[in-house]
Amino acid sequence: MTTPHVRPYGSWPSPISAAEVSAASPRLEGARFVGADEPDVWWGESVPEEGGRSAVRRRAASGAVVDVLPAPWSARSRVHEYGGGSWTADDEGVLYFVEKTDQRVWRLDPGAEPRPLTPEGGDVRFGGLTLQHGRLLAVREDHTRGTAVPARDIVDIPRDGGGVGSAARLASLASGSDFVAHPALSPDGSRLAWIAWNHPHMAWDRAELRVGRLVGGDGPEWTTVAGGGSSPLQPEWVDDDDLVYADDPTGRWNLWRLRLTADLHHEPVAAVDADTGGPLWVLGTRWFTLLADGRIAAVEANGAEELVVLGAAGERRALPVDAVTRLSIEDARGTRVLLSGAGSGGAGLWEVRVDDPAATRLIVGGTSPWGAEWMPRSRPITVPGPHGPVHAFDYPPTNPGVVAPDDERAPYVVFVHGGPTDHVGGAASGKIAYLTSRGIGVLDVNYGGSSGYGRAYRERLLGQWGVVDVDDVVAAARGLAEAGSADGGRLAIAGGSAGGWTVLCALTNSDAFGAGISRYGVADLRKLAEDTHDFEARYLDGMVGPLPEAEALYVERSPLSHLDRLRTPLLIEQGLDDRVVPPSQSEAVRDALAANGVAHAYLAFEGEGHGFRGATTLVRTMEAELAFLGQVFGFDTPGVPPLELD
């Protein structure tokens, strides 16, 4: 048996390169069964080597991966800026997709060139594409009408191209609210169900499930059948008068059944202390599906997630799948389910046979090219915090050939997810293994405000953004150090977007961290309220307070108001095409660090928006972050270019 080498934490040799992490971590964007008796599986995937192009792919009989949508075409929606539902396909192999560059809907027949289905010109976007009973439905977002809030509706797009010449040929099926999502057409085509919500609420704060009869004109005569004080999601028709949907009136997103009778009879499908549902950041996300035999396959989250099947009498059976977070049921055929998510081997797509789980087939991703021994196993932890318990996942340093000196404790990076209404679920990624294999631990924190633990935990952040999230990540980091797992003098904090906000707030309001990494982080709440896109334009009303009444609070909470306190080395990463958090915010932090004489680096990337996609960018940021940690915490980082700090 080989004796492990003894090396200081942070300087362990590792076979995991940034380039390999970029190539081995698929960013999946939808999946479908395509074909009749033995259907193919198609999936969407961001291709870092092609600048983040969103391809649609299938696996051929030979096992080779084939692009259905060839370069330079890119299926990516910008509805709500976060997109989702950018493509779908029928059983004849016809692809319908939203082209990134013009946001029009296009049709691609086998062996042909793409042809448009929607008019050109103007800032009109489409997303949430879905084929139902032979009709192509989509969410349309129209920025051409000169109103502060873009007009949004659900439209029926002629599949024959009849809508190219005139927007009037796109039948508007549902409107009358600021936002719409999850259109569901009844089997006989006479009714439409959908989710609607209005400013100042986000979909996970308060929404409505609406049902209307399709009677022509400007949309259906509709009735709100659920929600108002809760957050319904994803209606699915059982028959022409019977719906199943997710809702959280009890504080947990559970499944409910609705009979469209005179008294609108609602009953729970299977009450459980877990969430079947989540924040509707992207269109087309699905947390359950109705199987052909009447059962339901559903995702349940309580921190980590699992796939279950529910019987007609409410019986529940967990299905063994190597995925514990980011689960989405992409499609179903008979009793087969396409499930995307992330597990011990990273992000992946699985075909799950509900009645024969052993026959589950991995379609793409889901395995580590470095072997399981290099992937850290997560350890769920809960620590006390000033606002209640704080949940997190600990990924300790993991390397089969190296150990640290007995008297040394590991440096740790505390990961702060974005949103802030989002959550992590305990799945190791290549990016985490890139650090842990070198002897740097990772603590992934679900601070108060995170989803996956019920409405009460999610609403802990209401009015307290910049307070609760900071207190919780500090409590989690210090708790890990006090338990002896981490070196309290070598704690770093890293996050993007809303996570970047928490990084900046933590560095200006506590001394818990010795280094920070902010990726396109929010620094000025007033500037964010002025500049951000419509989907999140009123998000801060709940997270901080409405303007102008709460302006003093916006100023007090913003890191830019306290940059004189920012004395911690900081790495800033920013996409220059970011429309959610403009570069001006990161540039202001950079300038303040320079004025304060604090060690820092600012990396700006042309062509990148809110979230990095290009291979060159992904490699550069991973290597820069490792080099930065080594310089600040005093360990060698062989194999990565040095980072020059100003």
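First, a word on what this report is: a plain description of the structure on this page. Since this is a predicted model, take the numbers as computed values, not measurements.

Another aspect to go through is the overall build of the protein. Tallying secondary structure elements over the protein gives 10 helices and 38 strands in all. A compact globule built from 646 residues would reach a C-alpha radius of gyration of about 26 Å, and the protein, at 24 Å, matches this within 12%. Once the C-alpha set of the protein is aligned to its principal axes, its extents read approximately 70 × 65 × 50 Å. Relative to its 646 residues, the protein shows a buried fraction of 60%. Long-range contacts, defined as pairs at least 24 residues apart, comprise 57% of the intrachain contacts of the protein with a sequence gap of at least 6. When the accessible area of the protein is evaluated, it comes to approximately 23900 Å², of which 49% is carbon and sulfur surface. Averaging the positions of the 57 positive and the 88 negative side-chain charges in the protein gives two centres separated by 1 Å.

In this section: the sheet that holds strand β26 (residues 325-333). Spatially, the 4 strands line up as an open sheet ordered β26-β27-β28-β29, and their pairing is antiparallel. Single-partner strands in this sheet number two, and they are β26 and β29 (361-365). Taking each pair of neighbouring strands and ignoring which way they run, the sheet shows an average axis angle of 20°. Pairing between β26 and strand β27 (residues 336-343): 6 bridges, direction antiparallel. In the strand pairing of β27, serine 328 is matched with serine 340.

Let's shift gears to helix α9 (residues 583-596). Spanning 14 residues, α9 covers 20 Å between terminal C-alpha atoms, matching the ideal 20 Å at 1.5 Å per step. Here α9 has its buried residues at Pro583, Gln585, Ser586, Val589, Ala592 and Leu593. Looking at the buried side of α9, the elements it contacts are α5 (498-509), α6 (525-531), β37 (570-575) and β38 (600-605). With its phi angle positive at about 70°, glycine 597 sits one or two positions after the end of α9.

The strand order across the open sheet built from 4 strands is β6-β7-β8-β9, with neighbouring strands paired in antiparallel fashion. The sheet is open, and its two edges are formed by β6 (87-89) and β9 (115-116), each paired on a single side. Judged from the 3 bridges that link them, β6 and strand β7 (residues 95-98) form a sheet pairing that is antiparallel. Each residue of the ladder has a partner; that of tryptophan 87, found in β7, is phenylalanine 97.

What follows is about empty space enclosed by the protein. Counted by the stated rule, this structure contains 2 cavities of 30 Å³ or more. In this structure, the largest cavity encloses a volume near 70 Å³. Contributing to the lining of the largest cavity are Val413, Phe415, Lys431, Tyr434, Leu435, Ala494, Ile517, Arg519, Met622, Glu625 and Leu629. Of the residues that constitute the lining of the largest cavity, the class distribution is 8 nonpolar, no polar and 3 charged. Estimated volume of the second largest cavity: approximately 60 Å³. Trp204, Asp205, Thr421, Arg455, Arg458, Glu459, Leu462 and Met543 together form the lining of the second largest cavity. Across the lining of the second largest cavity, the residue classes tally to 3 nonpolar, 1 polar and 4 charged.

A word on unusual backbone geometry. Backbone geometry follows two general trends: most residues other than glycine have a negative phi, and most peptide bonds adopt the trans configuration. The step from alanine 71 to proline 72 runs through a cis peptide bond, and the omega angle for that step is 10°. Here proline 72 is to be found in the loop between β5 (65-67) and β6. Residue proline 200 is bonded to the preceding histidine 199 through a cis peptide linkage, with omega at 10°. The backbone of histidine 80 shows a phi angle near 65°, a positive value even though the residue is not glycine. For histidine 80, the location among the structural elements is in the loop between β5 and β6.

When the terminal C-alpha atoms of helix α10 (residues 615-633) are compared, their 27 Å separation across 19 residues agrees well with the 27 Å that a helix rising 1.5 Å per residue should span. For α10, the tally of buried residues reaches 14 of 19 residues, placing the bulk of the element in the interior. Immediately downstream of α10, the backbone of glycine 634 shows phi near 80°, a positive value.

Before going further, it helps to examine the nonpolar core. If you look at the biggest cluster of nonpolar residues, it comprises 145 residues, and the most contacted ones within it are Trp465 and Phe513. No other element matches the 8 residues that α10 contributes to this core. Phenylalanine 513 has contacts with Val414, Val473, Val474, Ala477, Leu491, Ala492, Ile493, Ala506, Leu507 and Thr568, leaving out every residue within four places of it along the chain. Judged by nonpolar contacts, the second largest core, of 15 residues, contains Val299, Leu307, Leu319 and Val337.

Applying the stated criterion across every chain yields a total of 15 aromatic pairs. Ring geometry for tryptophan 465 and tryptophan 501: centres 4.7 Å apart, planes at 35°, overall tilted. Taken together, the positions of tryptophan 465 in the loop between α3 (455-458) and α4 (468-482) and tryptophan 501 in helix α5 put the pair 36 residues apart, joining distant regions of the chain. This pair shows no difference in class: tryptophan 465 is buried, exactly as tryptophan 501 is. Feature note: the residues Tyr82, Phe179, Trp197, Trp204, Trp281, Phe535 and Tyr539 constitute an aromatic cluster, connected by ring pairs. Residue placement shows arginine 590 over the ring face of tyrosine 602; its charged tip is 4.9 Å from the ring centre.

This part covers the packing of α4 against α5. Running from N to C, α4 and α5 cross one another at 75°; their axes reach a closest spacing of 9 Å. Comparing the axis directions of α4 and α5 gives the class roughly perpendicular. For the pair α4 and α5, the contacting residues are Asp469, Val470 and Val473 in the first and Trp501, Thr502, Cys505 and Ala506 in the second. Tallied by class, the residues present in the contact of α4 with α5 amount to 5 nonpolar, 1 polar and 1 charged.

What counts and how
- Residues numbered from 1 in each chain as written.
- Predicted model: local features only at pLDDT ≥ 70, side-chain atom pairs only at ≥ 80, totals over all residues.
- Heavy atoms only, no water.
- Helix = DSSP H or I, 4+ residues; strand = E, 2+ residues; numbered from the N terminus.
- Rg over C-alpha atoms; globule rule 2.2 N^0.38 Å.
- Buried < 20%, exposed > 50% of the residue type's maximum accessible area, 1.4 Å probe, protein only.
- Contact = heavy atoms within 4.5 Å.
- Areas by Shrake-Rupley, 256 points an atom, 1.4 Å probe, with all protein chains shown as cover.
- Lys, Arg positive; Asp, Glu negative; His and termini not counted.
- Charge placed at Lys NZ, Arg CZ, Asp CG, Glu CD.
- Pairing = 2+ DSSP bridges.
- Axes fitted to C-alpha atoms, helices over the stretch in contact; angles between N-to-C directions.
- Expected span 1.5 Å × (residues − 1).
- 1 Å grid on protein atoms, 1.4 Å probe; cavity = no way out; pocket = protein on both sides within 12 Å on 5 of 7 lines; lining within 4 Å.
- Points joined across faces, edges and corners; volume = space filled by probe spheres on them.
- Nonpolar A, V, L, I, M, F, W, Y, C, P; charged D, E, K, R; others polar.
- Core = buried A, V, L, I, M, F, W, Y, C linked by side-chain atoms within 4.5 Å.
- Phe/Tyr/Trp six-rings, centres within 6.5 Å; stacked < 30°, edge-to-face > 60°.
- Lys NZ or Arg CZ within 6 Å of the ring centre and 35° of its normal.
- Parallel < 35°, antiparallel > 145°, perpendicular 65-115°, else oblique.

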